[in-house]
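# Structural overview
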Amino acid sequence: MRRPKPRLPRLPRTRAGQRRLVQAVMAACVLALAPAAWLYVSTTDGLRTTADVPRTEVAVVFGAGLWDGEPSPYLAHRLDAAATLYRAGRVEVVLVTGDNSREDYDEPDAMRAYLTEHGVPDRRIVSDYAGFDTWDSCVRARKIFGVDRAVLISQDFHIRRAVALCRAAGVRSYGIGVGARHDTTWYYGNTREVFAAGKAALDALFRPDPRFLGPKEPGVAKALAAAR
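Now for a description of the structure that goes with this document. (Residues numbered from 1 in each chain as written. Predicted model: local features only at pLDDT ≥ 70, side-chain atom pairs only at ≥ 80, totals over all residues. Heavy atoms only, no water.)

## Notes on the side chain of R78
Counting through the fold element by element, R78 comes out in helix α2 (residues 73-87). Put simply, R78 is tucked away with no salt bridge, and the nearest opposite charge, on E107, sits 7.5 Å away. Setting aside chain neighbours within four positions, we find R78 in contact with V61, F62, G63, A64, I153, S154, Q155 and V178. (Helix = DSSP H or I, 4+ residues; strand = E, 2+ residues; numbered from the N terminus. Buried < 20%, exposed > 50% of the residue type's maximum accessible area, 1.4 Å probe, protein only. Lys, Arg positive; Asp, Glu negative; His and termini not counted. Salt bridge = Lys/Arg side-chain N within 4 Å of Asp/Glu carboxyl O. Contact = heavy atoms within 4.5 Å.)

So this is what it looks like as structure tokens:
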């Protein structure tokens, strides 16, 4: 017995119906792109380079994956920018925030090791082991580590979202978007940001608690005290 073929939706035949369909499609496109437009407009004043970013006590570096336990090339570029800022005296402490959800995967410790190899003293590095996404990292930077002003470091396709979310979490932020080779990962990251912008808008609006909050940690305050 043959299965009936699924019927395709019929397009409106009248001009009025076609006009309504076009309007509905246009409205859906506007709604889909509105969060990305919000990120672009709201963060333009906060983007800087390693050469012109204001001197700030704390830099926050977001995790970007490990390759065989070492920072991926994308993460290494972020850490290079942080080391450059430290050596130039533009930041005093680096907060590395990333995923440590299982024993065999530890972004913050790998980031710390990389930074120490590139001239940042271990006592000037603070680790956040529960930075599972951008919103969690921003909220934890403010509520757990007491950071109220920071330079954020990420790739250029992600930095606007990071700045917008950290500002929504109460961290006055400047962002440095490091460049990257336009490979498959770069195109994937840019495409992903269009969809991630929607979640970012919801996070900024409803401000949910991160997956893990926990007690306050004095790591940043201690590192700043040691810097003086």
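Here the narrative resumes.
## Concerning a nonpolar patch on the surface
Taken together, the side chains of L202, L205 and F206 define a hydrophobic patch exposed on the protein surface, amounting to about 370 Å² of accessible area. As for its position among the elements, F206 is in helix α6 (residues 184-206). (Patch = residues over 30% accessible without salt bridge, like charges linked within 9 Å, V, L, I, M, F, W, Y side chains within 5 Å. Areas by Shrake-Rupley, 256 points an atom, 1.4 Å probe, with all protein chains shown as cover.)

## Focus on the environment of R123
Turning to its location among the elements, R123 is positioned in the loop between α3 (107-117) and β6 (125-128). Each C-alpha atom, one on R123 and one on A223, is 6.2 Å from the other, the two residues being 100 residues apart in sequence.

## Section: the nonpolar core
If you look at the biggest cluster of nonpolar residues, it comprises 28 residues, and the most contacted ones within it are L95, V147 and L152. Elements represented by at least two residues in this core include exactly β2 (58-62), β5 (93-97), α4 (134-143), β7 (149-155), α5 (159-168), α6 and α7 (219-227). With 6 residues, the top contributor of residues to this core is α5. When neighbours within four sequence positions are excluded, L152 is seen to be in contact with V60, F62, I159, A162, V163, C166, S173, Y174, G175 and I176. (Core = buried A, V, L, I, M, F, W, Y, C linked by side-chain atoms within 4.5 Å.)

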